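Close look at the chain arrangement
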Amino acid sequence: STQSTWGVYVGGLPHTASEGSVRDIFSAHGPITEVQLKENGYAIVMFETEASALSAIESLNGHEYQEGCPLKVEHTRAAKSSAAVDGQQSKRCGRLFVKNVPKTVTPLALEGLFSQFGWVMEVQPRPKGAHVVVFSNESSSEIALRNLDGYNLNGSILHVARTKGSARLDGEGSVDTRKEEPLKDDDGHSDQTKSER
């Protein structure tokens, strides 16, 4: 290949991250030509060789930048859609509306549960045991939706649904509360919607 630099996508950076600190962590894996720090908690690190890029991905994916802040490190080709999504975060990140969360479960614990399916950018508590979980991209939120809708968390069955943004959120929330009893129908509903889309 004639490609002279190899890009690595770095997600999950805290707001305190600086270009220098990112460079420090990644330069252990080889010469870096450029670090592009983006506003939405991610960066693109350009290496001179593919070997350096692959070494960084292997060593640093899941590495905790700070306690409780695991990095998501992948090849920019794999992450192209994630980066594009992060660039227009408010519209394109994957937002899930999660209902029936037990009172004993903290937003941090909920983030831990959901983050096994992708990078969780934010967990926003809502009234009546509901939360909004914001993923960095829609594909991660889809996987989480498939795996966690109907999940038994400390004896409560989670109800997970897509939301298109905060403007429609309250409407969805109020509709959802009326349908709280027949959880099974609800699950059938969301499956139907999924296959139609």
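A brief report on the enclosed structure follows. (Residues numbered from 1 in each chain as written. Predicted model: local features only at pLDDT ≥ 70, side-chain atom pairs only at ≥ 80, totals over all residues. Heavy atoms only, no water.)

1. Overview of the sheet that holds strand β2 (residues 32–37)
What the four strands build is an open sheet, ordered β2-β3-β1-β6; its pairing is antiparallel. Each edge of the sheet is formed by a strand with only one pairing partner; in this case those strands are β2 and β6 (72–75). Taking each pair of neighbouring strands and ignoring which way they run, the sheet shows an average axis angle of 20°. Of the strand pairs in this sheet, strand β1 (residues 6–11) and strand β3 (residues 42–47) are connected by six bridges, and their pairing is antiparallel. Residue pairing in the sheet places Y9 in a bridge with I44 of β3. Running over the sheet, helix α1 (residues 19–26) touches β1, β2, β3 and β6 and is turned about 135° from β2. Relative to the sheet, helix α2 (residues 50–60) contacts β1, β3 and β6, its axis offset from that of β6 by approximately 150°. (Pairing = 2+ DSSP bridges. Helix = DSSP H or I, 4+ residues; strand = E, 2+ residues; numbered from the N terminus. Axes fitted to C-alpha atoms, helices over the stretch in contact; angles between N-to-C directions. Contact = heavy atoms within 4.5 Å.)

2. A closer look at the pattern of salt bridges
Tallying each qualifying case throughout the model produces one salt bridge. Close ionic contact of E142 with R162 constitutes a salt bridge, the shortest N to O distance being 2.8 Å. Here E142 is found in helix α6 (residues 138–148), whereas its partner R162 is found in strand β12 (residues 159–162), with 20 residues between them in sequence. On the basis of relative accessibility, which here comes to 23%, the residue E142 falls in the partly exposed class. (Salt bridge = Lys/Arg side-chain N within 4 Å of Asp/Glu carboxyl O. Buried < 20%, exposed > 50% of the residue type's maximum accessible area, 1.4 Å probe, protein only.)

3. Side note on the sheet that holds β12
Spatially, β8-β9-β7-β12 is the arrangement adopted by the four strands of the open sheet, whose pairing is antiparallel. The open sheet has two free edges, formed respectively by β8 (120–126) and β12, since each of these has just one partner strand. Adjacent strand axes in the sheet meet at a mean angle of 20°, parallel and antiparallel pairs treated alike. Of the strands in this sheet, β7 (94–99), β8, β9 (130–135) and β12 touch helix α5 (residues 107–114), which is tilted by about 135° from β8.

Purely spatial values, then, with no claim about function.
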